[in-house]
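Fold and contact review
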Amino acid sequence: MKKIVGIVLGVLLLGFVLAIGAEKWISHKLESSINTRDTRNYDLLFEEVDVKLFQGRVDLNHIRLVPLKEDLPVQINGSLDRMKLSRVNLFGFIFNKEIEIGELRLVKPSFRMIKKDSSAHNKEGSKEFQNLFGDLVSRGIIHNFVIEDGTAELLVQEDSLRRFGTFTDLNIYAEGVQTDSVIVSHVVPFQLDQIMTGIKNLKMELSAGHKLEVASINFNLREQYLSLQGISMNYDQDLVEKSFDETYQTDLIELDLKELRFENLDARSDLYGNWSVISQMMIVDSLVMNDVRNKNRPRPEEPIKPMFGGMLAQVPFPLDVDTLLVKNTIISYLEIPEGQRKGGEIRFENMEAKILGLITVDSLQQSQELTIDVTTSLLGKAPIEAKFRIPYHDDFFSLDLTIGEMNLEQLNPLLLPLAQITLESGTLHKLHLKMEAHERMASAQLIFDYENLKLEVHKGANSGQVKGGASMLANMAIRSENLPSKKNYRTANYHTARNMYRSPFNYIWLTTKSGLMEIAPGGLVKLLSQNDIEAGVSKKAGEE
């Protein structure tokens, strides 16, 4: 009996010794083989290896990530507390060159991405993260890849390193990785059964004093969605104050967006390498956008502005979206006229839009067209409906625009700073514009039904004083009403020349303004513009 017990104890002791020896040998083999692949771009340098043979687990502790190529425009280095290798076939590793790992988990990695060329596009950064993760996963047969609670600093090499961005809470779960099948559109660039990724608190400096922040970004391959929440793009300085600091006139834009979401993402979308999005549905939820332009500054030399189709062609990455929905949106434009410190604001509230066929890829556009249906309200008061049709193969668009009933005195906060005019009374019943806009000339029809129009001319935007004589002459010059039930009712059929150095939205405004001049002439010229009315009306208004 004692002999049997001794044999058993001896076997156990031998097994224990062999296990310790095997663990040390595996540790040594792992240390000597983890950085041997010729095509690797990074070395993993770690302080200790903890092998648990019978648990099938290996922990690498206190790791530094060291890039090997110095000539890349974007480079990543970093450190992490622990790299956990679980469900490892350690016995197989003893007899084979390659290690098989059920799950590779990076715990609390801290990355530093350095742009050595400040002109390098930001997508080069996301592509280098993709290359890094691919490099790590390629060091064995790895079935699942996990990053837990990662952080990153984004830096640019100038005279010294300057930080231009950060993010936290990087989490990646990649399941069913097949390293023998490369898929460049995945952040882990291989065939996968499932991948979920997320980051939080992305902050980037776009330029001095101009920042972009995103509260969270989440992607789910299986559920086919990408969601960006809590997006904001703002300046450190108040927009009006900043507009006076600019050398030239420019549109200073700030925005806040609750969520930008893509649903039913096509597998061909590339969110990390070359940036392309193919999706059945895109949703813009609760956008608030403010645009300020200061006419006290000269315009820079500007190229000819494209029409709507040309504007889409300038989107810097491929986009193919069947349906874009815009929900609960507010857009405002504030213009500061020459000689003034304050401006007039036009604001569109409660905006909802449905956009069909949003495509930026020439080969996919072919004979298709973009259609836009918009409902909104002017200053939160007058309902607006607009329908756009924009063929991709032509510099053309058509517009059907209707503005509903409104008390025109509600326009005074806009009119006083821009034209030194207020409306003492007036009711808009309907404005209906039909516009067929070609590259240089538009044909249009306008209905403008109103009554009790009476205005006052002010000595200045801030004087509080009314020019009595000028107001009387202006009211004598305009038509106080234009109703279908009254005599001399007018509609307008006309043509308008486009200013090629202004946007399509300016084209729409010029066309609308020209029609208003035809229907309510005279003093309305002062109301709509302090300058001469642009030429371009070729047909006089018809009368009923």
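Just above sits the structure.
All of these numbers come straight from a predicted model, not from anything done at the bench.

Taking 1.5 Å of rise per residue, 16 residues should cover 22 Å, and helix α9 (residues 504-519) covers 23 Å from first to last C-alpha, within 8% of that figure. Counting buried positions along α9 gives 13 out of 16 residues, so the element sits mostly inside the fold.

The phi dihedral of Asp 149 is positive, around 55 degrees, even though this residue is not glycine. Within the secondary structure layout, Asp 149 lies in strand β5 (residues 141-157). According to the relative accessible area criterion, Asp 149 is partly exposed, its value standing at 35%. The phi dihedral of Gln 224 is positive, around 60 degrees, even though this residue is not glycine. With respect to the helices and strands, the residue Gln 224 is situated in the loop between β10 (210-220) and β11 (225-235). The exposure class assigned to Gln 224 is partly exposed, which follows from its relative accessible area of 35%.

This brings us to a nonpolar patch on the surface. On the surface, Met 472, Leu 473 and Met 476 cluster together to form a nonpolar patch covering roughly 370 Å² of accessible area. Tracing the chain through its elements places Met 476 in helix α8 (residues 468-477).

This paragraph deals with the pattern of salt bridges. All chains considered together, the criterion is met by 22 salt bridges. Between Asp 43 and Arg 40 there is a salt bridge; the shortest N-O distance is 2.6 Å. Taken individually, Asp 43 and Arg 40 each receive the classification buried, so the pair is uniform in this respect. Among the ionic pairs, Glu 349 bridges to Arg 347, the shortest N-O distance being 2.5 Å. For Glu 349, a relative accessible area of 19% corresponds to the buried category. Linked through salt bridges whose partners overlap, the residues forming this network are Arg 299, Glu 302, Lys 305 and Arg 502.

Parameters and conventions
- Residues numbered from 1 in each chain as written.
- Predicted model: local features only at pLDDT ≥ 70, side-chain atom pairs only at ≥ 80, totals over all residues.
- Heavy atoms only, no water.
- Helix = DSSP H or I, 4+ residues; strand = E, 2+ residues; numbered from the N terminus.
- Expected span 1.5 Å × (residues − 1).
- Buried < 20%, exposed > 50% of the residue type's maximum accessible area, 1.4 Å probe, protein only.
- Patch = residues over 30% accessible without salt bridge, like charges linked within 9 Å, V, L, I, M, F, W, Y side chains within 5 Å.
- Areas by Shrake-Rupley, 256 points an atom, 1.4 Å probe, with all protein chains shown as cover.
- Salt bridge = Lys/Arg side-chain N within 4 Å of Asp/Glu carboxyl O.

Function-wise, these values are silent; they only describe arrangement.
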